[in-house]
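So you can see what is in the structure, the chains are spelled out below.
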Amino acid sequence: MSTTHVISSRRPVGESGGRIVRYTLSERVHHWLGALFYIYCLITGLAFWSPYMYWLAAIVGGGPTARFWHPWFGLAFTVSMVWMYKMWDRDMRITEPDRRWSKAMEYYVKNEDEKLPPVGRFNYGQKLFFWLMLYGVILLVISGLGLWFVESIPWSLRWLRYIAVTVHVIAALATIGGFIIHVYMSTAMVRGGFAAMVRGEVSAIWAKTHHRLWYEQVTKDTRDSAQGR
Amino acid sequence: MSQSTLAIRRISAHAGAAPGENVERDELVCKLIDTTTCIGCKACEVACLEWNGYTFTETVFDNSYQTMPETTWNYWNLIKFNEHEREDGSITLLMRKDQCMHCADPGCLAACPADGAIVQYTNGIVDFQQQNCIGCGYCVSGCPFDIPKFNPTTKKMFKCTLCVDRVSEGLEPACIKSCPTGCLHFGTKDDMKDLAETRAKQLRENYGIEKAGVYDPAGVNGTGVIYVLHDITNPEAYGGLPKNPHVPWVVRIWKGPAKWIGNLAMLGGLLGVTLHYLRYGPKEIDAEKHEGEKP
Ligand code: HEM
Ligand code: SF4
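Residues numbered from 1 in each chain as written. Chains lettered and ligands numbered in written order. Predicted model: local features only at pLDDT ≥ 70, side-chain atom pairs only at ≥ 80, totals over all residues. Heavy atoms only, no water.

A. Structural context of the overall build of chain A. For chain A, the helix and strand inventory stands at 9 helices and 2 strands. N-terminal to C-terminal, the α/β element order of chain A is β-α-α-α-α-α-α-α-β-α-α. For chain A, long-range pairs separated by at least 24 residues make up 69% of all intrachain contacts whose partners lie at least 6 apart in sequence. Of the roughly 11600 Å² of accessible surface on chain A, a fraction of 67% belongs to carbon and sulfur atoms. (Helix = DSSP H or I, 4+ residues; strand = E, 2+ residues; numbered from the N terminus. Contact = heavy atoms within 4.5 Å. Areas by Shrake-Rupley, 256 points an atom, 1.4 Å probe, with all protein chains shown as cover.)

The following block contains the structure:
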């Protein structure tokens, strides 16, 4: 969807303080819908996971309410993941620059970004998180249906019930791990990331620093179109 | 049902101790079912419905005497009829009263995620507290006997209560009361165990039923409902009574080590990102390096 990355009309790019559109309105809406659905599943799921977190059910209306809505929000989250897949599939494929970047990831963790090779619109870590959530939700929805309609699984096939529980828990924990890192990085660690997903824009310098290949691509695209090519 | 009159030994998904955890009662209650004298009259089925206030609903005819294929949320007591071929080729009808077994180690209670939705009283009765049930169905996965059943209207689970409301008032369960042959008995676990063993011995010694024995499975630490069977080596023949029932090991791991591993992993993740922030801080764009450009 790289064609959507037009330069904001407010200030021209290249000059100091130029802004670049990083996420379109549609991308932001889908991202936040997904976040809402996921967080609901997370809160209610954790309530059932441990007696010490059962109080979490109270903040969404109590145990029976949480139980009623968890699978429905799970389905909504599944739909929203499918949507994000359609939206970001091409941007999220792992490329050669990503592989180079992944070998130098240590510098990213240590905030020594100047030692990193340039990357495109998303870096390797962001892409991994995307694929983790996508495959995660596939496992969650299949096993979730097993938990939802547990009585429809006949007694003779009850091993399926046990597999459903196991898969649901493992997939949920895996996505929770990714989610913790995702939230940390996009709010506390990478300054400007959260604002980008809220307002949709980043500064040119932000783009140049964190996603140089993407920056070069969009500035070239805009220059080209400005010159009517 | 009547939480107020009985002390509670175990509570499902309870973050803390149960009030009756350290209570040592001399007597556990127990129901004894002697399958060798059951005539399949279904008086107990009717008594169960009557006492618990359910009306008879439509049923599925399965080409057998059995009222329906399995117990349902509003039909807790079902005589299972099984044609069985003896070694000499003759046919016999095995009849077993199926209901909640009231395990000493209840798998439903272990699996349940809702605080107080399943309790075990100090007299051994395992009881669902529907007001706390969230209808998740975990108990279905936890039960080794396929007993808890879901009411889709109220979204709550139901099963035999061992007539805890009667028992706590000093009465015997409704099914016991109705049995015309006396194949059902109710009393303390020790007494019932004695009676059952005596009966099994009698069957072996006086009637030549060599494999007669008592079903009180050790895998769930014994049950509050025990059977005298003609053939203790083949309980499966009695409508799928499991030979060695136990709480599924997946449920054990899920509710035991997996909980701790998962919780530690989540805590570790939170701790990890916090430490990362303290050690490396945020990625700020170095303004000096990009002079004149506003981040
Ligand atoms: C994708 C569709 C999903 C479906 C159909 C689904 C369904 C279910 C069902 C039926 C249960 C049993 C208890 C309950 O209903 O609350 C459950 C439990 C749970 N779910 Fe989901 N779920 C889905 C997605 C998710 C997601 C996205 C998460 C995110 C973390 C999640 C986390 C959990 C957890 C932690 C539990 C509790 C496991 C336990 O008790 O140990 N689920 N889910
Ligand atoms: S459905 Fe079963 S496991 Fe779930 S809350 Fe109710 S009693 Fe507990």
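B. Representation of the confidence of the model for chain B in the model. Considering every residue of chain B, the mean pLDDT works out to 93; 95% of them sit at 70 or more. Scored as a complex, the prediction yields pTM 0.91 and ipTM 0.90. (pLDDT = per-residue confidence, 0-100.)

C. Structural view of helix α8 (residues 257-280) of chain B. For α8 of chain B, spanning 24 residues, the distance from its first C-alpha to its last is 33 Å, which sits close to the expected 34 Å at 1.5 Å a residue. Where α8 of chain B is concerned, the buried positions are Ala258, Lys259, Gly262, Asn263, Met266, Val273 and His276 of chain B. On its buried side, α8 of chain B packs onto α1 (25-49), α4 (105-109) and α6 (159-189) of chain A together with α7 (249-255) of chain B. Glycine 281 of chain B sits one or two residues past α8 of chain B and shows a positive phi near 70°. (Expected span 1.5 Å × (residues − 1). Buried < 20%, exposed > 50% of the residue type's maximum accessible area, 1.4 Å probe, protein only.)

D. Geometry of the interface of chain A and chain B. Facing the 45 residues of chain A at the interface are 51 residues of chain B. In this assembly, chain A packs against chain B so that about 4000 Å² is buried in total across both faces, 65% of it on carbon and sulfur atoms. Of all residues in chain A, Trp49, Tyr184 and Ile205 of chain A give up the largest surface area on contact with chain B, accounting jointly for 16% of the area buried on that side. Connecting chain A to chain B are 2 salt bridges. (Buried area = accessible area lost by both parts, 1.4 Å probe. Salt bridge = Lys/Arg side-chain N within 4 Å of Asp/Glu carboxyl O.)

E. Main features of the site of ligand 2. Cys112, Cys133, Cys136, Cys139 and Met157 of chain B are the nearest of the 13 residues found near ligand 2. Residues belonging to the shell around ligand 2 are distributed by class as follows: 11 nonpolar, 2 polar and no charged. (Near = heavy atom within 4 Å. Nonpolar A, V, L, I, M, F, W, Y, C, P; charged D, E, K, R; others polar.)

F. Quick look at the site of ligand 1. Taken together, 24 residues form the shell around ligand 1, and within it Phe48, His70 and His168 of chain A together with Tyr138 and Trp254 of chain B come nearest. In this structure, ligand 1 is bordered by residues of chains A and B. Going through the elements one at a time, α1, α2 (63-92), α5 (124-148) and α6 of chain A are the ones with two or more residues in the shell around ligand 1. Take the shell around ligand 1: its biggest share by element is 7 residues, from α2 of chain A. Among the residues forming the shell around ligand 1, the class breakdown is 16 nonpolar, 6 polar and 2 charged.

G. Geometry of the sheet that holds strand β2 (residues 29-34) of chain B. Residue and element names in this part refer to chain B. In space, the 4 strands of this open sheet follow the order β9-β2-β11-β10, with mixed pairing throughout. Edge positions in the open sheet fall to β9 (184-188) and β10 (213-215), since each of these has one partner strand only. Between one strand axis and the next, the sheet turns by 25° as a mean value, whatever way the strands run. Across 3 bridges, the pairing between β10 and strand β11 (residues 225-229) is antiparallel. (Pairing = 2+ DSSP bridges. Axes fitted to C-alpha atoms, helices over the stretch in contact; angles between N-to-C directions.)

H. Spatial organisation of the coordination of the iron atom of ligand 1. Residue and element names in this part refer to chain A. The coordination sphere of the iron atom of ligand 1, as far as protein atoms go, consists of His70 (NE2) and His168 (NE2), spread over 2.0 to 2.1 Å. Around the iron atom of ligand 1 sit 6 donor atoms; with metal-centred angles ranging over 85 to 179°, the donor geometry is octahedral. Of this pair, histidine 70 sits in helix α2 while histidine 168 sits in helix α6, and the two are 98 residues apart along the sequence. (Donors = N, O, S within 2.8 Å, 3.2 Å for Na, K, Ca; no water. Tetrahedral: all angles 85-135°; square planar, octahedral: opposite > 155°, others 65-115°.)

I. Summary view of the confidence of the model for chain A. With 92% of its residues at a pLDDT of at least 70, chain A reaches an overall mean of 91. Note on residues 1-16 of chain A: pLDDT is under 50 here. Beyond four places in sequence and across chains, it has 30 contacts.

J. Structural detail: the sheet that holds strand β1 (residues 8-11) of chain B. Residue and element names in this part refer to chain B. Strand order in the open sheet formed by 3 strands is β1-β5-β6, with antiparallel pairing between adjacent strands. The sheet is open, and its two borders are formed by β1 and β6 (126-128), each paired with just one other strand. Strand-to-strand, the axes of this sheet are offset by a mean angle of 30°, without reference to chain direction. Note that strand β5 (residues 118-121) and β6 share 3 bridges and pair antiparallel. Bridging across to β6, valine 119 finds its partner in aspartate 127.

K. Representation of the pairing of β2 of chain B in the model. Residue and element names in this part refer to chain B. The buried fraction of β2 is high, at 6 of 6 residues. The alternating pattern of β2 places Val29, Lys31 and Ile33 on one face and Cys30, Leu32 and Asp34 on the opposite face, and all of these are buried. By the bridge criterion, 5 bridges tie β2 to β9 in an arrangement that is antiparallel. Pairing of leucine 32 across the sheet is with histidine 185, part of β9.

L. The arrangement of a negative patch on the surface in detail. Taken together, Glu24, Asp26, Glu27, Asp190, Asp191, Asp194 and Glu197 of chain B make up a surface patch of like negative charges. Overall, aspartate 26 of chain B belongs to the exposed group, its relative accessible area being 73%. (Patch = residues over 30% accessible without salt bridge, like charges linked within 9 Å, V, L, I, M, F, W, Y side chains within 5 Å. Lys, Arg positive; Asp, Glu negative; His and termini not counted. Charge placed at Lys NZ, Arg CZ, Asp CG, Glu CD.)

M. How the structure looks around a nonpolar patch on the surface. Judged by side-chain polarity, Leu25, Val29, Leu33 and Leu36 of chain A come together as a nonpolar surface patch covering roughly 350 Å² of accessible area. Within the secondary structure layout, leucine 33 of chain A lies in helix α1.

N. Just the packing of α5 of chain A against α6 of chain A, in detail. All names here are of chain A. Closest axis-to-axis distance for the α5/α6 pair is 8 Å, and the angle between their directions is 150°. By the angle class used here, α5 and α6 are roughly antiparallel. Where α5 crosses over α6, the two elements pack in a sense that is left-handed. In this structure, α5 uses Phe129, Leu132, Met133, Gly136, Leu139, Leu140, Ser143, Gly144, Gly146 and Leu147 to contact α6, whose residues at the interface are Ala164, Val165, Val167, His168, Ala171, Ala172, Ala174, Thr175, Gly178, Phe179 and His182. Residues belonging to the contact of α5 with α6 are distributed by class as follows: 13 nonpolar, 8 polar and no charged. (Parallel < 35°, antiparallel > 145°, perpendicular 65-115°, else oblique. Left-handed = near helix turned anticlockwise from the far one by under 90°.)

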